[in-house]
Amino acid sequence: PLSVAELAEQLYLEIDGLLPLIDALELLECAHVEAGQISGWTRCGRGPGSREWWVVRRTVLIVDDHGTFRDAARELLEAAGFAVVGTAGDGPEALAEVGRLMPDVVLLDIQLPGLDGFEVAERLAARVPAPDVVLISSRDAVTYGERVGRASVVGFLSKRELSGASLAGLLD
């Protein structure tokens, strides 16, 4: 693992030296660190003329018909800095929870009772504002053919690939 100073230097280089190194040290509170590397970011910034950083974590709704997966995904994403605001076990519940919670991101299983993930994603895309939708499945994307590419989503992750860094990578 890297020291705080080494991480600050990595951050300083990552943003092309636009911030003084002391600001890079302060900004580290917005970084998610895995294995000594910056793996993702919480949305953060400063008000005009202010030296104080504000931090806004991305909110996530997890939609999957398996409670054990929802619990594991919640733990994993919260550890990576996401704010999991709720869960749903089927398509109709997902649509209701998005309307109630207004999450930034919906992590959406494809194989759901009621409405499948593709149908839920299409309905969510019609909302204003529409959340970012990431499809997940225990199967690989090739299983679904062209449907994944045509879906109104920001991306696809297999459940075994899910991590804070992989989700952040699709969203950034």
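Rules used throughout
- Residues numbered from 1 in each chain as written.
- Predicted model: local features only at pLDDT ≥ 70, side-chain atom pairs only at ≥ 80, totals over all residues.
- Heavy atoms only, no water.
- Buried < 20%, exposed > 50% of the residue type's maximum accessible area, 1.4 Å probe, protein only.
- Helix = DSSP H or I, 4+ residues; strand = E, 2+ residues; numbered from the N terminus.
- Pairing = 2+ DSSP bridges.
- Salt bridge = Lys/Arg side-chain N within 4 Å of Asp/Glu carboxyl O.
- Arc of directions from axis to C-beta.
- Polar contact = N/O pair within 3.5 Å; in protein donor to acceptor, adjacent residues only side chain to side chain.

1. Looking at the pairing of strand β9 (residues 155-158)
So, point 1. Alternating residues of β9 divide into Gly155 and Leu157 and Phe156 and Ser158, and every residue in both groups is buried.
So, point 2. Sheet topology places strand β8 (residues 132-137) next to β9; 4 bridges connect them, and they run parallel. Bridge pairing in β9 links Ser137 to Ser158.

2. Section: the pattern of salt bridges
So, point 1. Applying the stated criterion across every chain yields a total of 8 salt bridges.
So, point 2. Arg147 serves as the salt-bridge partner of Asp116, at 3.6 Å between the closest nitrogen and oxygen. One end of the pair, Asp116, is in the loop between β7 (105-109) and α5 (117-125); the other, Arg147, is in helix α6 (residues 147-150), with 31 residues separating them in the sequence.
So, point 3. Judged by its relative accessible area of 39%, Arg147 is partly exposed.
So, point 4. In the salt-bridge network here, residues are joined through shared partners; they are Asp64, Asp109 and Lys159.

3. Points about α5
So, point 1. Every buried residue of α5 is listed here: Gly117, Phe118, Val120, Ala121 and Leu124. All buried residues of α5 lie within an arc of 160° about the axis, which places them on one face of the element.
So, point 2. At the N-terminal boundary of α5, the capping side chain belongs to Asp116, with an oxygen 3.1 Å from the backbone nitrogen of Phe118.

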